[in-house]
Amino acid sequence: MNTPVGIHDLSFATTEFVLPHTELAAHTGADVDKYHIGIGQRSMSIPAADEDIVTMAAAAAAPIVERWGTDRIRTVVLGTETSIDQSKAAGVYVHSLLNLQPSTRVVELKQACYSGTAALQFAMGLAHRDPSQQVLVIASDISRYELDSPGEATQGAAAVAMLVGANPTLIRVEPLSGLHTSDVMEFWRPNYRSTALVAGQESFSAYLQALEGTWKDYTEQGGRALHEFGAFCYHQPFTKMAFKAHRHLFSTAGHDLDEGRMSAMLRLTTAYNEVVGNSYTASVYLALASLLDHAGDLTDRPIAFAGYGSGCVAEFFGGTVVPGYLDHLRTENHRYVIERRRPIDYDTYRALHSRSLPEDGGHHLTPRQTTGEFRFAGLSGHKRLYEHS
Ligand code: HMG
């Protein structure tokens, strides 16, 4: 029998600041219930001027490196759609900030919110090929829409880091996946824009059709029956989407749904996303973190994962929770990274949103705002400068 491979450790980080949806509603004029109930969001993480996908990624991965060391990590795969360079992989900065071994391969992956799942699947392949090596998978993103647009309330930011390898302590990931790709334009961000373009209503149906496509493919390949799964972790651009997805999946599969049980189960996966906002590639794994940190004992329960990235690519797969996993969780630290965020007012949020980096290649230092361990210190000669305190 093959050595089991999967998620050995999981840790997430988010930003210095947070904007409550009550504050947003007070200025947009929207009924706050539209945010709290309609889309299921309560606040969103806002990066400080000296935070970016690298600082979040390093902060997410640092506790993993501290616990397991660097000796067996031979690959870093970072999924993001908030790329900071057209050539250099953001993971190379993370590799440097975390003092990983030089004998490491580092690469960045992109396909909207899906690339965190792509990174996990690539890591699985490498770990199967050589069970002695571990892969550091990081999904790190900052979701930005136009000010005063419908998407504005669904912004957010976070990074999830996962150590992937043989004999995992958290989740054994199953090799069978249901896949779906179709060429749609419901959400995209051309290189010259810092905010995404989105067709909101079309994006719902693209997401649901892709989920349906993955389920069809998964079943045709002999995947598990729906009722075998004890929990479902969906990509959550806003948490209400997980409920829409779950209803759609059950109706596609021709199963009745107990709404009460569905709500109780899905709520376990939405606790972090509803206060962090859309973290794009990280979202589905933030749902997993929330589930593991808030459910009772899930030992031996199969969990379903549904990753989705606009454009669009989706993947459905299963994983089983490993006996003893409770001893390896980081629940306290996860609560801390959520609670340590400093609330900001609407004017501060708008000023941060409107900031852009100079393109003249000169020496520009970034104001010190973050109290986190890693910071983006500025630019010099078109090169990004990072600091580790
Ligand atoms: P909107 O059009 O302003 O909102 O923006 P709405 O009018 O559709 O209302 C939203 C919900 O709130 C509705 O519920 C309303 O009924 C309800 P629903 O009918 O959907 O169940 N509502 C209220 N509820 C209680 N009290 C009230 C109230 N008022 C209204 N007073 C939209 C919503 C999601 C379109 C917008 O936020 C948006 O464009 N977001 C960005 C796109 C997005 O997240 N799409 C999701 C699928 S695509 C995806 O997941 C990929 C993505 O992550 C990117 C990637 O892959 O890289 C986005």
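In the annotation of an unreviewed UniProt entry, the entry for the protein reads Hydroxymethylglutaryl-CoA synthase, and the organism field reads Lentzea roselyniae. A UniProt comment under Sequence similarities (unreviewed entry) is attached to the protein, and it reads "Belongs to the thiolase-like superfamily. HMG-CoA synthase family."

What follows deals with the UniProt feature "domain: Hydroxymethylglutaryl-coenzyme A synthase C-terminal" (unreviewed entry) in the protein. Here the UniProt feature "domain: Hydroxymethylglutaryl-coenzyme A synthase C-terminal" (unreviewed entry) sits at residues 175-250 and 270-322. In residues 175-250, the share of helix is 42% and the share of strand is 20%. The end C-alpha atoms are 23 Å apart. Taken as a whole, residues 270-322 contains 32% helix and 32% strand, while its terminal C-alpha atoms sit 22 Å from one another.

Let us look at unusual backbone geometry. Note that the residue after Gly 311, namely Cys 312, is joined by a cis bond; omega there is -5°. Inspection of the secondary structure assignment puts Cys 312 in the loop between β12 (302-309) and β13 (313-321). Its identity is not glycine, yet Asp 148 carries a phi of approximately 65°, on the positive side. Turning to its location among the elements, Asp 148 is positioned in the loop between β6 (134-143) and β7 (156-166). One non-glycine residue, Asn 167, adopts positive backbone phi at about 45°. Within the secondary structure, Asn 167 sits in the loop between β7 and β8 (171-181).

The rules we used
Residues numbered from 1 in each chain as written. Predicted model: local features only at pLDDT ≥ 70, side-chain atom pairs only at ≥ 80, totals over all residues. UniProt positions renumbered as here; feature names shortened; annotations may be inferred. Helix = DSSP H or I, 4+ residues; strand = E, 2+ residues; numbered from the N terminus.

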